[in-house]
Amino acid sequence: MLAFLIFAATFVVVLIIAVIYIYPKSSAKGTTVPGLSPTTTEDGNLADIRRAGSLHEFLMDLHQQFGPIASFWMGPQLVVSIASAELFKQHQNVFDRPPELFRLFEPLIGAKCIQYANGGDGRARRTAYDKSFSHEELKMYYPNLQKVTDGLVNKWSSMVKEEHIPLGQYMFAFSIKAALITLLGDCFENDKEILSFKTHYDLVWSEMEHRLADPTIPDDDSPRAKTFSESRKKVIDSVMKSVEHRKKHGSKSEEHLLIDRILDHHTDIDVGHSDCLTYLVGGFHTTGNLLTWAFYFLATHQDIQEKVFKEVIKVLGQDDTVEHHNLNDLKYLRQVIDETLRCAVVAPWAARFQDFDSELGGHKIPKNTPVIHALGVMLQDETVWPLPNKFDPDRLSTEQSKGRPSLAFSPFGFAGKRICPGYRFAYVETTMCLATLIRKFKVNLVEGQVVKPEFGLVTHPVDEIWITVSKRK
Ligand code: HEM
């Protein structure tokens, strides 16, 4: 009997050791998702993210190593990342966004803004504001977008031949004007004000992205913190001026813009301010960079630029403008825009969480675990996109897209009826800008530049890109 008890006790101990040995990570994580162990309990894998250069580049390596579902640690928090159309499908109905992954942007957009609004509140805001981006409402934006585009044509027309043009600066100014006038019904008084806004905005944004890779917050009285705080105030004040102007003077016509819907929806004016700022930033930062990358690819692929030019002439002739009824006829240009979104990975990731235990890809996901949608990893997956770094708009033609899962191309997110609200607006704005300018100008890259991307929450070139333009006959 004693021998049996000793055997039984030994067996149980060996079994426990075996389980702990075989599943050490799953017991610590509460999940069997393969992935990295934390380097330190406090830091998790933040040092690895810093070493990779950005979260997107870290995720590229992570998925290369562990496959389409993988885990890592952000400080003490377990995070799961997914990068396949099949896994995206399984997360397609999840609405709530994990606020902790986006906290760094809170000093700019405010804690109460839509970015952090989940559950009923988040859904109600989206329902109210999404009306501003319906097919019908978008028709209202064309004249103002055309006005801003014509302003850019005039500027480029006045350039002397071979003058070097700072592309990012021009695209930023264009997209901020376009977003302000169409969404908030106001515009900055002059280009000097826009440039000053951009300088401050760039400082704020680069500090926030810096904290994404290195969360150590500088002391309040350090020069870095002071610059951040002063620039942040300038950016917020500029936008609030537009909101206050609308509140005071209302709309000149019958038009009901996004700003009116936001202000109608909230009794708490701070929330209204924050949402206006979030939509404005969401609107100009992304499209400004999308346009910068699109012109860069067109300047470095003259054959593709000529193909776009020929299509524009065929569809619009010399004089017609981009309108609601002909936008979709510019099919090749749409492929160019989509291939730019893919190749430049303009918005590399989104994220969701669920406040209950769930399952994903056959793995248990503990409740409240942030799940990253690695949109950029998916857009660069060579099993779906052969030669992923090659800029090839033809791969997005209807014929070549046959058989490719639609979620493999999700540059605006895909989940929980919370994909980017401005995606149609972005297509209208960028199509109008590209079609109008390519019809009038041939765009060339100034030689001798090394153009490198910096992947943050939005991907931008490390340095300014310089181009020259020449008027087409
Ligand atoms: C190149 C253009 C753009 C890209 C690539 C882009 C990408 C994205 C992505 C990936 C998300 C996250 C979606 C998710 O969580 O599933 C998002 C959210 C958002 N975008 Fe965009 N976006 C673009 C243009 C715009 C424009 C033009 C606007 C405004 C007019 C805008 C406003 C927003 C807002 C407010 C959110 C957060 C919505 C929410 O919290 O429900 N974006 N965008």
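Cut-offs used in this document
- Residues numbered from 1 in each chain as written.
- Predicted model: local features only at pLDDT ≥ 70, side-chain atom pairs only at ≥ 80, totals over all residues.
- Heavy atoms only, no water.
- 1 Å grid on protein atoms, 1.4 Å probe; cavity = no way out; pocket = protein on both sides within 12 Å on 5 of 7 lines; lining within 4 Å.
- Points joined across faces, edges and corners; volume = space filled by probe spheres on them.
- Helix = DSSP H or I, 4+ residues; strand = E, 2+ residues; numbered from the N terminus.
- Nonpolar A, V, L, I, M, F, W, Y, C, P; charged D, E, K, R; others polar.
- Axes fitted to C-alpha atoms, helices over the stretch in contact; angles between N-to-C directions.
- Left-handed = near helix turned anticlockwise from the far one by under 90°.
- Contact = heavy atoms within 4.5 Å.
- Donors = N, O, S within 2.8 Å, 3.2 Å for Na, K, Ca; no water.
- Buried < 20%, exposed > 50% of the residue type's maximum accessible area, 1.4 Å probe, protein only.
- Pairing = 2+ DSSP bridges.
- Near = heavy atom within 4 Å.
- Polar contact = N/O pair within 3.5 Å; in protein donor to acceptor, adjacent residues only side chain to side chain.

**A short note on the layout of surface pockets**
Now for step 1: If you add up the space inside the largest pocket, you get close to 750 Å³.
Now for step 2: What lines the largest pocket is a set of 32 residues, and nearest its centre among them are Asn-328, Arg-334, Asp-338, Phe-409 and Tyr-427.
Now for step 3: When residues of the lining of the largest pocket are traced back to their parent elements, those giving at least two are helix 8 (135-138), helix 16 (331-344), helix 18 (398-401) and helix 19 (423-440).
Now for step 4: Top contributing element to the lining of the largest pocket by residue count: helix 19, with 5 residues.
Now for step 5: Looking at the lining of the largest pocket residue by residue, the class counts come to 15 nonpolar, 11 polar and 6 charged.
Now for step 6: Estimates place the volume of the second largest pocket at around 640 Å³.
Now for step 7: Contributing to the lining of the second largest pocket are 31 residues, with Asp-202, Trp-205, Glu-209, His-460 and Pro-461 lying nearest its centre.
Now for step 8: When residues of the lining of the second largest pocket are traced back to their parent elements, those giving at least two are helix 10 (167-184), helix 11 (191-213), helix 14 (269-300), strand 9 (453-455) and strand 10 (459-461).
Now for step 9: Sorting elements by how many residues they give to the lining of the second largest pocket places helix 11 first, with 11 residues.

**Notes on the packing of helix 7 (residues 119-130) against helix 13 (residues 258-265)**
Now for step 1: Close contact between helix 7 and helix 13 brings their axes to 9 Å; oriented N to C, the two are set at 145°. Viewed along their axes, helix 7 and helix 13 form a crossing whose handedness is right-handed. Contact with helix 7, carried on its side by Ala-124, Arg-125, Ala-128 and Tyr-129, involves Leu-258, Arg-261, Ile-262 and His-265 of helix 13 and no other residues of that element.
Now for step 2: Class assignment for the residues of the contact of helix 7 with helix 13 results in 5 nonpolar, 1 polar and 2 charged.

**A few points about the coordination of the iron atom of the ligand**
Now for step 1: Protein coordination of the iron atom of the ligand is limited to a single donor, Cys-420 (SG), which sits 2.3 Å from the metal.
Now for step 2: With respect to the helices and strands, the residue Cys-420 is situated in the loop between helix 18 and helix 19.

**A word on the environment of Val-346**
Now for step 1: When you line up the elements, Val-346 lands in the loop between helix 16 and strand 4 (350-352).
Now for step 2: When its relative accessible area of 4% is taken as the criterion, Val-346 is described as buried.
Now for step 3: Val-346 sits 113 residues away from Thr-459 along the chain, and the two C-alpha atoms are 4.9 Å apart.
Now for step 4: Sequence-distant contacts of Val-346, that is, excluding residues within four places in its chain, are made with Thr-286, Leu-290, Trp-293, Thr-340, Leu-341, Leu-457, Val-458 and Thr-459.

**Some details on the sheet that holds strand 11 (residues 466-471)**
Now for step 1: Spatially, 3-11-8 is the arrangement adopted by the 3 strands of the open sheet, whose pairing is antiparallel. Because the sheet does not close on itself, it has two edges, and the strands there are strand 3 (165-166) and strand 8 (441-445).
Now for step 2: Across 2 bridges, the pairing between strand 3 and strand 11 is antiparallel. Across the sheet, residue Ile-165 finds its bridge partner in strand 11, namely Ile-467.
Now for step 3: Contacts from helix 9 (residues 142-157) reach strand 3, strand 8 and strand 11 within the one sheet, and its direction differs from that of strand 8 by about 65°.

**Observations regarding the site of the ligand**
Now for step 1: Of all residues adjacent to the ligand, which total 25 residues, the nearest are Arg-97, Arg-126, Arg-352, Arg-418 and Cys-420.
Now for step 2: Within the side chain of Arg-97, a nitrogen or oxygen atom sits 2.6 Å from an oxygen atom of the ligand.
Now for step 3: A distance of 2.8 Å is found between an oxygen atom of the ligand and a side-chain nitrogen or oxygen belonging to Arg-352.
Now for step 4: Mapped by element, the contributors of at least two residues to the shell around the ligand are helix 14, strand 4 and helix 19.
Now for step 5: It is helix 14 that contributes the most residues to the shell around the ligand, 5 residues altogether.
Now for step 6: Taken together, the residues of the shell around the ligand sort by class into 15 nonpolar, 6 polar and 4 charged.

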